[in-house]
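# Structural features, examined
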Amino acid sequence: MSAERRRNGAERTVFAVSAAILLAVVALLVVDLVGSDDPAAPVATASDPRRVEDAFVVPVEVGNEGDAAAFDVEVRATLTLDGVTEEEGAVVVPFLPGHATEEVVFRFTTDPADGELEVEVTSFAVP
């Protein structure tokens, strides 16, 4: 077998693999363009508070139920005792892709179980 014939076989193999990769990338782009594109829909869900040293921490899962990404997602937590706002806090998640989740943690000096804890997404930016 001549060297040129071996080279042609190798060239064909490389060409076939390259063409398959290119077709796969094009197919993914088409699926992405044709697929649904629900707007960003960030939500926040609090977990049970835990005592850590002299404070109480509340893990909060921030999720995006939409397909589009959300930027600068602001999550605010408000602890109310006897109808009076005692403590507030805010956290910003810089980037939240579609159908993704991030965990943030709020810290309170008062036990959230003694009052009413409200956790909500107050704002976010869309691209």
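Above this text is the structure in question.
Residues numbered from 1 in each chain as written. Predicted model: local features only at pLDDT ≥ 70, side-chain atom pairs only at ≥ 80, totals over all residues. Heavy atoms only, no water.

A few words on the nonpolar core. The biggest cluster of nonpolar side chains holds 17 residues, and the ones touching the most others in it are V60, V62, V73, V75 and F106. Of all elements in the fold, only strand 3 (55–64), strand 4 (70–81), strand 5 (84–96) and strand 6 (101–108) reach the threshold of two or more residues within this core. Ranked by residues supplied to this core, first place goes to strand 4 with five residues. (Core = buried A, V, L, I, M, F, W, Y, C linked by side-chain atoms within 4.5 Å. Buried < 20%, exposed > 50% of the residue type's maximum accessible area, 1.4 Å probe, protein only. Helix = DSSP H or I, 4+ residues; strand = E, 2+ residues; numbered from the N terminus.)

With that settled, the discussion passes to the sheet that holds strand 7 (residues 116–125). Spatial ordering of the open sheet is given by 5-4-7, a layout of three strands whose pairing is antiparallel. Taken across any chain shown, the strands that pair with only one partner, and hence form the sheet edges, are strand 5 and strand 7. Taking each pair of neighbouring strands and ignoring which way they run, the sheet shows an average axis angle of 20°. Across eleven bridges, strand 4 lies against strand 5 in antiparallel orientation. By the bridge assignment for strand 5, E74 is matched with V92. (Pairing = 2+ DSSP bridges. Axes fitted to C-alpha atoms, helices over the stretch in contact; angles between N-to-C directions.)

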